[in-house]
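# Per-entry structural report
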Amino acid sequence: MQILEAVVTTTQSNGDVHIAPMGPEVDAGWSCFRLRPFISSQTFHNLTRHPQGVIHVTDDVELIARSALGRLDPLPSTRKADRIDGFILTDACRWYAFEADRILNEGDRAEFRCRVLASGRQRDFFGLNRARHAVVELAIIASRVQFLAEDAMIDSIERYRPLVEKTGGPAERRAFDFLEEFIRESIFNGRSAGGG
Ligand SMILES: Cc1cc2nc3c(=O)[nH]c(=O)nc-3n(C[C@H](O)[C@H](O)[C@H](O)COP(=O)(O)O)c2cc1C
């Protein structure tokens, strides 16, 4: 089992798509995986009400950054899946439509065992890139801004920025700037875990 940094679509109570990055544990055969959403997340509520969704392999780190903070505007293009009632992101590299069984609630996280019912390939994965990895790391930090120390977050911004400047393109720079601004504003507005 390994953790894949993926993007999950679930269905809202009004039938709209919800998009969030999540790190499922996947096995080599891709027949099933485990999702561990925080019980405070919209993804958890959606899966509890409608236990079907689609996970996506993507190299679009701007999508990861903006969806981690609920700031997707406009929403990316989607189409309805056939085998389940759910949504496929049309620009993702690969997708896996699943049905989820909740197997455990542990503290503030739940665990769903997800069985893959259908999958597809839409385009090639770009490949490894340090700027994209830096954006993923900063997106995880930004999504945990209330729990992390200010100094550690600022250190991360300073450590990752050169990777984005040296190896990224415009989308990585935009995503990194967006995350940096969100983190600095959260610190300024006292919504982070405080100094130290
Ligand atoms: C790469 C990445 C992986 C993440 N993995 C998880 C995860 O496994 N579980 C989780 O609850 N939140 C995870 N998050 C944070 C959520 O995406 C973020 O808190 C989101 O706003 C919560 O989802 P919601 O939109 O369903 O409320 C991850 C964020 C990133 C950027």
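The rules behind each value
Residues numbered from 1 in each chain as written. Predicted model: local features only at pLDDT ≥ 70, side-chain atom pairs only at ≥ 80, totals over all residues. Heavy atoms only, no water. Helix = DSSP H or I, 4+ residues; strand = E, 2+ residues; numbered from the N terminus. Rg over C-alpha atoms; globule rule 2.2 N^0.38 Å. Buried < 20%, exposed > 50% of the residue type's maximum accessible area, 1.4 Å probe, protein only. Axes fitted to C-alpha atoms, helices over the stretch in contact; angles between N-to-C directions. Parallel < 35°, antiparallel > 145°, perpendicular 65-115°, else oblique. Left-handed = near helix turned anticlockwise from the far one by under 90°. Contact = heavy atoms within 4.5 Å. 1 Å grid on protein atoms, 1.4 Å probe; cavity = no way out; pocket = protein on both sides within 12 Å on 5 of 7 lines; lining within 4 Å. Points joined across faces, edges and corners; volume = space filled by probe spheres on them. Nonpolar A, V, L, I, M, F, W, Y, C, P; charged D, E, K, R; others polar. Pairing = 2+ DSSP bridges. Salt bridge = Lys/Arg side-chain N within 4 Å of Asp/Glu carboxyl O.

### Here's the deal with the overall build of the protein chain
For the protein chain, the helix and strand inventory stands at 5 helices and 10 strands. Relative to its length of 196 residues, the protein chain is compact, with a C-alpha radius of gyration of 17 Å against a globular reference of 16 Å. Dimensions of the protein chain along its principal axes, counting C-alpha atoms only, are 45 × 40 × 35 Å. The buried share among the 196 residues of the protein chain stands at 46%.

### Some details on the packing of helix α4 (residues 150-167) against helix α5 (residues 170-188)
Running from N to C, α4 and α5 point in directions that differ by 165°, and their axes come no closer than 11 Å. Between α4 and α5, the interaxial angle falls into the category roughly antiparallel. α4 and α5 meet at a crossing whose hand is left-handed. Packed against α4, whose contacting residues are Glu150, Met153, Ile154, Ile157, Tyr160, Arg161, Val164 and Glu165, the element α5 presents Glu172, Arg173, Phe176, Asp177, Glu180, Ile183, Arg184 and Ile187 at the interface.

### Observations regarding the layout of surface pockets
Taken as a whole, the largest pocket spans an internal volume of roughly 990 Å³. Around the largest pocket, the lining comprises 36 residues; the ones closest to its centre are Pro21, Met22, Phe38, Ala68 and Ser143. Among the secondary structure elements, those contributing two or more residues to the lining of the largest pocket are β3 (17-22), α1 (42-49), α2 (61-68), α3 (130-143) and α5. Of the residues belonging to the lining of the largest pocket, the class tally is 18 nonpolar, 11 polar and 7 charged. When its volume is computed, the second largest pocket comes out at roughly 470 Å³. What lines the second largest pocket is a set of 20 residues, among which Leu4, Glu5, Thr58, Phe125 and His133 lie closest to the centre. Counting residues per element, the ones that place at least two in the lining of the second largest pocket are β1 (2-3), α2 and α3. The element best represented in the lining of the second largest pocket is α3, accounting for 4 residues.

### Some thoughts on the pairing of β3
Of all 6 residues that make up β3, 5 are buried, and the element is covered over most of its length. Bridging between strand β2 (residues 6-11) and β3 involves 6 bridges; their strand directions are antiparallel. Note on β3: the bridge partner recorded for threonine 11 is valine 17. Hairpin geometry of β2 and β3 is characterised by an intervening segment of 5 residues between the two adjacent antiparallel strands and by a positive phi of about 90° at glycine 15.

### Structural notes on unusual backbone geometry
Cis geometry is found at the peptide bond from aspartate 73 to proline 74, where omega equals 5°. Here proline 74 lies in the loop between α2 and β7 (78-80). Phi is positive for tryptophan 30, which is not a glycine, with a value near 65°. Structurally, the position occupied by tryptophan 30 is in the loop between β4 (25-26) and β5 (32-35).

### Some points on the pattern of salt bridges
Tallied over the full model, the rule gives 13 salt bridges. One salt bridge connects glutamate 165 with arginine 161, and the closest N-O pair in it is separated by 3.2 Å. One end of the pair is glutamate 165 and the other is arginine 161, both in helix α4 and 4 residues apart, which spans about a single turn. The partner of arginine 161 in a salt bridge is aspartate 177, with the nearest N and O atoms 2.8 Å apart. With arginine 161 in helix α4 and aspartate 177 in helix α5, the pair connects residues that are 16 residues apart, well separated along the chain. In the salt-bridge network here, residues are joined through shared partners; they are Asp59, Asp91, Arg123, Arg132 and Glu172.

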